[in-house]
Amino acid sequence: MGLEPFFGRLRSAIDDARRDGLYKDEIILGSPQQARVDILSGEIEPSLINMCSNNYLGLANNPKLVAAARESLLVDGFGMASVRFICGSHAVHKQLERRISQFLQTDDTILFSSCFDANAGVFEALLDEEDVVISDALNHASIIDGIRLCKARRLRYRNNDMADLERALKEAAGARTVLIATDGVFSMDGIVADLRSICDLAHRYGALVLVDDSHAVGVIGPGGRGTPALFDVQEQVQIVTGTLGKALGGASGGYVSGRNEIITWLRQRARPYLFSNALMPAICSASLAAIDLAEAGDQFRDHLSRQTARLRGGLSQLGLKLGGSSHPIVPVLCGEPLLAVELTSHLRSNGILAVPFSFPVVPQGQARVRMQVSASHTLQDIDDVLAVMEQFPNLDELRDVA
Ligand SMILES: *Cc1c(COP(=O)(O)O)cnc(C)c1O
């Protein structure tokens, strides 16, 4: 016996996940991340239209980023082999922190290895038992985990529901500090947070606002500055977290940006900053190039919104239920996980890469195929996707999704 029951339990959980269509298989790319990718897993499939990356501006394999990273490798070296506060802070980290602050029009910025780490560190460093965090029910897993790591009392409100947020704010009355935490764009639904109303309520009840703008930075708002700029509430958002792993080149890295006191304190207390290695300098150098391109990237964003409108319009015409309304995240709602699996196999055998999302990534019974448009897609790519969707044998079942 010994450890056999433990391993047996894992094997049966894995079998159950396979049976229920919940098993997540890795798709192995044999090409750079771009509009069309080669797949090496299973049968080799060349040149699939990639409809599931976060490469919104098409910068993941941009020659300027590649050149900046290569140059930096030669000049700055490969790794830092230290956390930031010991001897892992390179000039390029400071340069990138200043650049992000300038881009987002904030006081200061602190880099993390990922936005997951940024969210894991930010709550615990700023709040304790005397405080309350109020969190949107659809917030990203890293916000949920970050809140779990801090001792503040937790309240939740229904997704983007301002009446329910106000109920929570009333419930939080008397706390020393109240912080409202929201995604700028909800990643599974492509819904943009109602940040103007959130900031109005925060102002009325004396609460801080934290926005995780991972799916928004580079993508929406004037100059790609994200949701605070889109709603013109930059002054009312004290904390922005975000990633370098999506529109801004897609390598890795995250940040917290905002008020001076906050960022200065995070450098003293944020655990992922204190206990995890510094970002590779080459990533910082390429991210600097990415921000330059994103800031001046209205042509990317215009193209992206045209393509997105075309995809959303075409899918709606087919009678399909979509999540969100304008963001390049375009979720096709499927309900049952097996229908989402069938849809992605149909797409896949017709040259289109998309993946099914099911529990626990989305709630039970709300499986979906999330498509994501990139500025690197051509009009023809989008039309090809629509033509293949129209040929899906179970289209009627999809139309019936509640
Ligand atoms: C992707 C994402 C993250 C995680 O970012 P990484 O840098 O990949 O860790 C955090 N929050 C939100 C809202 C995201 O969409």
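Just so we're clear, the structure is a prediction, and the values are computed from it rather than from any experiment.

A. A look at the overall build of the protein chain. The secondary structure content of the protein chain amounts to 16 helices and 15 strands. Relative to the globule expectation of 21 Å for 402 residues, the C-alpha radius of gyration of the protein chain, 22 Å, shows essentially globular dimensions. Each of the three principal axes of the protein chain carries a C-alpha extent, and together these read 60 × 55 × 55 Å. Every one of the 402 residues in the protein chain was classed for burial, and the buried ones make up 52%. Looking at the protein chain as shown, the accessible area adds up to about 18100 Å², and 53% of this sits on carbon and sulfur atoms. Each charge sign in the protein chain was given a centre, from 38 positive and 48 negative side chains, and these centres are 3 Å apart.

B. Layout of the sheet that holds strand 6 (residues 178–183). Taken in spatial order, the 7 strands of this open sheet run 3-11-10-9-6-4-5, and their pairing is mixed. Each edge of the open sheet is held by one strand with a lone partner, namely strand 3 (108–112) and strand 5 (153–157). Mean inter-strand twist for the sheet, computed between neighbouring axes without regard to direction, equals 20°. Together, strand 5, strand 6 and strand 9 (208–212) form the strand contacts of helix 8 (residues 195–205), whose direction differs from that of strand 9 by roughly 155°. The sheet contacts of helix 10 (residues 260–269) involve strand 3, strand 10 (239–243) and strand 11 (254–258), and relative to strand 3 the element is tilted by about 30°.

C. Region of interest: the domain arrangement of the protein chain. Domain annotation of the protein chain identifies domain 1 (25–57 + 298–401) and domain 2 (63–295). Spacing between the C-alpha centres of domain 1 and domain 2 amounts to 27 Å. The interface of domain 1 with domain 2 comprises 20 residues on the first partner and 19 residues on the second. When the two sides are added together, the surface that domain 1 and domain 2 hide from each other amounts to roughly 1500 Å², 59% of it contributed by carbon and sulfur. In this structure, the connection of domain 1 to domain 2 is made through 1 salt bridge. Ionic pairing is found between Asp-189 and Arg-368, a salt bridge with its closest N-O pair at 3.1 Å. Our count for the domain 1 to domain 2 interface comes out at 8 residue pairs in polar contact (both at pLDDT 80 or more). For the side of domain 1 that touches domain 2, the elements supplying multiple residues, two or more each, are helix 13 (298–317), strand 12 (329–335) and strand 15 (367–372). With 4 residues, helix 13 is the single largest residue contributor to the side of domain 1 that touches domain 2. Considered class by class, the residues forming the side of domain 1 that touches domain 2 number 10 nonpolar, 6 polar and 4 charged.

D. Local environment of the packing of aromatic side chains. Throughout the structure, instances matching the rule amount to 2 aromatic pairs. Considering the side-chain rings of Phe-6 and Phe-7, the 5.0 Å spacing of their centres and the 75° angle between planes classify their relative orientation as edge-to-face. Classification of Phe-7 by relative accessible area gives partly exposed; the value is 40%. Here Phe-112 and Tyr-273 contribute two aromatic rings whose centre-to-centre distance is 6.3 Å and whose plane-to-plane angle is 65°, an arrangement assigned as edge-to-face. Within this pair, whereas Phe-112 is found in strand 3, its partner Tyr-273 is found in helix 11 (residues 271–275), the two being separated by 161 residues in sequence. By relative accessible area, which is 4% here, Phe-112 ends up buried. On the basis of relative accessibility, which here comes to 6%, the residue Tyr-273 falls in the buried class. Directly above the ring of Tyr-23 sits Arg-18, whose terminal nitrogen or CZ lies 3.8 Å from the centroid.

E. Spatial organisation of the sheet that holds strand 12. Strand order in the open sheet formed by 3 strands is 12-15-14, with antiparallel pairing between adjacent strands. Pairing within the sheet leaves two strands with one partner each, and these edge strands are strand 12 and strand 14 (356–357). Where strand 12 and strand 15 come together, 6 bridges link them in antiparallel fashion. Paired with Ile-329 across the strands is Gln-372, a residue of strand 15.

F. Spotlight on the pattern of salt bridges. Tallying each qualifying case throughout the model produces 27 salt bridges. Between Glu-97 and Arg-267 there is a salt bridge, and its shortest N-O distance comes to 3.2 Å. Of this pair, Glu-97 sits in helix 4 (residues 91–104) while Arg-267 is found in helix 10, placing the two residues 170 residues apart along the sequence. Arg-267 shares its class with Glu-97; the two are buried. The partner of Asp-161 in a salt bridge is Arg-158, with the nearest N and O atoms 3.3 Å apart. Overlapping salt bridges bring together Arg-84, Lys-94, Glu-97, Asp-108 and Arg-267 as one network.

Conventions used here
Residues numbered from 1 in each chain as written. Predicted model: local features only at pLDDT ≥ 70, side-chain atom pairs only at ≥ 80, totals over all residues. Heavy atoms only, no water. Helix = DSSP H or I, 4+ residues; strand = E, 2+ residues; numbered from the N terminus. Rg over C-alpha atoms; globule rule 2.2 N^0.38 Å. Buried < 20%, exposed > 50% of the residue type's maximum accessible area, 1.4 Å probe, protein only. Areas by Shrake-Rupley, 256 points an atom, 1.4 Å probe, with all protein chains shown as cover. Lys, Arg positive; Asp, Glu negative; His and termini not counted. Charge placed at Lys NZ, Arg CZ, Asp CG, Glu CD. Pairing = 2+ DSSP bridges. Axes fitted to C-alpha atoms, helices over the stretch in contact; angles between N-to-C directions. Contact = heavy atoms within 4.5 Å. Domains from an automatic or database assignment. Buried area = accessible area lost by both parts, 1.4 Å probe. Salt bridge = Lys/Arg side-chain N within 4 Å of Asp/Glu carboxyl O. Polar contact = N/O pair within 3.5 Å; in protein donor to acceptor, adjacent residues only side chain to side chain. Nonpolar A, V, L, I, M, F, W, Y, C, P; charged D, E, K, R; others polar. Phe/Tyr/Trp six-rings, centres within 6.5 Å; stacked < 30°, edge-to-face > 60°. Lys NZ or Arg CZ within 6 Å of the ring centre and 35° of its normal.

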